[in-house]
Amino acid sequence: MIQTTIQTIDLRGLQPTRAELLNLIPRPVVDIAVASEAAATLIAEVRNEGEAALQRHAAQFDRVHDVVVRVDPAEIAAAVDALDPDVRDALEASIARVRIASEAQLHAPVTTTLGPDARIHQRWQPVDRVGLYVPGGKAALSSSVVMNVVPAQVAGVRSIALASPAQSEFGGRVHPTILGAAGLLGIDEVYTMGGASAIGALAYGVPSLGLDPVDVVTGPGNIYVAAAKRLVRGVVGIDSEAGTTEILVIADETANARYVAADLISQAEHDEAAASLLVTTSADLAEQVIRELGELAAATPNSARVIEALGGQQSAIVLVDDLAAAARFSNAYGPEHLEIQTTDDQAVLSTITSAGAIFLGPHSPVSVGDYLAGSNHVLPTGGQARFSSGLGAYTFLRPQQVIDYGRGALEEVAAKVVALSGAEALPAHGAAVTVRFS
């Protein structure tokens, strides 16, 4: 058994204010300013130099040269044919499930009648073009192809471009399983580019590659990808800054310690900066989980990465007095993934306000959400679940109000428009109404 070290934060007997709780929350040691500065430089180089910058960045960060940046559709089709049958079957099952769940997110048009011949029509329009980013660093996330593409297709997006980093072990090409997943979904516009450079290319376009700018950029990635998305926000829309993964488990004395430990490790294996937290009312469970972490960490092929993530300041076991305190801590943290394993999961759920995705009970591990639950695994991190949501069909839809007034309906409100426009010293607003009745 490997000795694992994970810090314990004891909040029992304390009643921290919200501000104090936010200061107590463990977060990874990351310098957003440095990441943003580096990302801004890379984006500027792509804007100014186009494909030449992408080639230089591929050599610098991915250790590959002479990359074929725009993937030939024939290569995508060949990747589909070469998929392992079991992997293809799993991808197709995931596609079907995510499609069903995404279709439930669509909105029906609604018409509100405010009076005779006075109507407001609410409609939802898809954006024209999106750029989807699929990471390929420590893990080539073919599942992220499904999570990005399917909601966009369900929303009705007509033009979809996908970007993923060059892989040195595959001759500087996109990982073949990622290409195969794209092909299964009918995506034939794929680019071999990664990190902040890819985000900049999608946002601003690269004419020499035939890469037109997109309207929305989505997808998970490291801190540089998150920083790049923050920098291009406003030029394009983004889903959220989906950075290094997080899991927070709320559990009481009835939880299975081995399940909890396995779930903490499942996310810790993503990255050395991944955050794994257990918030519990039971000191006994906490001790059991620590023992299980040591045993399970020794058995996983990514044990070195897991041990570093668990020992980082971003991971912790948090002891609280009761489940209400656990919920307060979780809501302040705003986890990407929240698991609830207690005697009354529904009661705890009713007190939760902030989480990217919530997994109820001992048989709903985060890993099923990563692949086959039907939910989306592109989720906000770093506390952003307090004000943003995970990726869905709604990410690619814009609500639009269509105002449909007839002459009588306008005449009914004309005097009030004139009164308000006069009060705001904008008389031409009122005149634009009264001119119709002169």
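Residues numbered from 1 in each chain as written. Predicted model: local features only at pLDDT ≥ 70, side-chain atom pairs only at ≥ 80, totals over all residues. Heavy atoms only, no water.

**Comments concerning the sheet that holds strand 1 (residues 7-10)**
Here comes step 1: Across the sheet, which stays open at both edges, the six strands sit in the order 1-11-10-9-12-13 with parallel pairing between neighbours. At either end of the open sheet lies a strand with only one pairing partner, and these are strand 1 and strand 13 (357-360). Going across the sheet, the axis of each strand differs from the next one's by a mean of 20°, ignoring polarity.
Here comes step 2: The sheet strands contacting helix 13 (residues 323-333) are strand 9 (246-251), strand 10 (275-280), strand 11 (316-319) and strand 12 (337-341), and the helix crosses strand 9 at an angle near 170°. (Pairing = 2+ DSSP bridges. Helix = DSSP H or I, 4+ residues; strand = E, 2+ residues; numbered from the N terminus. Axes fitted to C-alpha atoms, helices over the stretch in contact; angles between N-to-C directions. Contact = heavy atoms within 4.5 Å.)

**Structural notes on the pairing of strand 3 (residues 118-126)**
The side chains of a regular strand alternate, residue by residue, between the two faces of the sheet.
Here comes step 1: By the bridge criterion, five bridges tie strand 2 (residues 110-115) to strand 3 in an arrangement that is antiparallel. Counterpart to Val110 in the pairing with strand 3 is Gln122.
Here comes step 2: Where strand 2 hands over to strand 3, the hairpin turn is made up of two residues, of which Asp117 adopts a positive phi near 65°.
Here comes step 3: With nine bridges connecting them, strand 3 and strand 14 (residues 397-405) associate as antiparallel partners. Bridge pairing links Pro126 to Leu397 in strand 14.

**Some details on the pattern of salt bridges**
Here comes step 1: The full count for this structure, using the stated rule, is 14 salt bridges.
Here comes step 2: Where Glu75 meets Arg173, a salt bridge forms, and the shortest distance between an N and an O atom there is 2.9 Å. Separated by 98 residues along the polypeptide, Glu75 in helix 4 (residues 73-82) and Arg173 in the loop between strand 5 (159-164) and helix 7 (176-184) bring together distant segments of the chain.
Here comes step 3: Residue class for Arg173 comes out partly exposed when judged on its relative accessible area of 40%.
Here comes step 4: Asp128 serves as the salt-bridge partner of Arg158, at 2.8 Å between the closest nitrogen and oxygen. Separated by 30 residues along the polypeptide, Arg158 in the loop between helix 6 (142-155) and strand 5 and Asp128 in the loop between strand 3 and strand 4 (129-133) bring together distant segments of the chain.
Here comes step 5: Here Asp128 falls in the partly exposed class, since its relative accessible area comes to 41%.
Here comes step 6: The network of salt bridges with shared partners includes Glu45, Glu49 and Arg56. (Salt bridge = Lys/Arg side-chain N within 4 Å of Asp/Glu carboxyl O. Buried < 20%, exposed > 50% of the residue type's maximum accessible area, 1.4 Å probe, protein only.)

**What about the packing of aromatic side chains?**
Here comes step 1: A complete count under the given rule lists zero aromatic pairs for this structure.
Here comes step 2: Between the NZ or CZ atom of Arg27 and the centre of the ring of Tyr333, over which it lies, the distance is 4.1 Å.
Here comes step 3: The ring of Tyr204 has Arg47 lying over it, and the distance from NZ or CZ to the ring centre is 3.8 Å. (Phe/Tyr/Trp six-rings, centres within 6.5 Å; stacked < 30°, edge-to-face > 60°. Lys NZ or Arg CZ within 6 Å of the ring centre and 35° of its normal.)

**Structural notes on the nonpolar core**
Here comes step 1: With 37 residues, the main nonpolar core has Val130, Val145, Leu162, Ile187, Val190 and Phe396 as its most contacted residues.
Here comes step 2: Among the secondary structure elements, those contributing two or more residues to this core are helix 4, helix 5 (85-103), strand 4, helix 6, strand 5 and helix 7.
Here comes step 3: No other element matches the eight residues that helix 6 contributes to this core.
Here comes step 4: Among residues more than four places away in sequence, those in contact with Val130 are Ala152, Val157, Ser159, Ile160, Ala161, Val214, Val216 and Phe396.
Here comes step 5: Val69, Ala198, Ala227 and Val232 belong to the second largest nonpolar core, which has 33 residues in total. (Core = buried A, V, L, I, M, F, W, Y, C linked by side-chain atoms within 4.5 Å.)

**Here's the deal with the sheet that holds strand 4**
Here comes step 1: The strand order across the open sheet formed by five strands is 6-5-4-7-8, and the pairing between neighbours is parallel. Here the strands that pair on one side only, and so sit at the sheet edges, are strand 6 (190-192) and strand 8 (237-238).
Here comes step 2: As paired strands, strand 4 and strand 7 (residues 216-218) are joined by three bridges and run parallel to one another. Counterpart to Gly131 in the pairing with strand 7 is Val217.

**Details of the packing of helix 2 (residues 32-49) against helix 9 (residues 223-232)**
Here comes step 1: With their axes 8 Å apart at the nearest point, helix 2 and helix 9 run at an angle of 70° to one another. Put simply, helix 2 runs roughly perpendicular to helix 9. Handedness of the helix 2/helix 9 crossing: right-handed. Contact residues: Ile32, Ala35, Ser36, Ala38, Ala39, Ala40 and Ile43 in helix 2; Ile223, Tyr224, Ala227, Ala228, Arg230, Leu231 and Val232 in helix 9.
Here comes step 2: Counted by class, the contact of helix 2 with helix 9 contains twelve nonpolar, one polar and one charged residues. (Parallel < 35°, antiparallel > 145°, perpendicular 65-115°, else oblique. Left-handed = near helix turned anticlockwise from the far one by under 90°. Nonpolar A, V, L, I, M, F, W, Y, C, P; charged D, E, K, R; others polar.)

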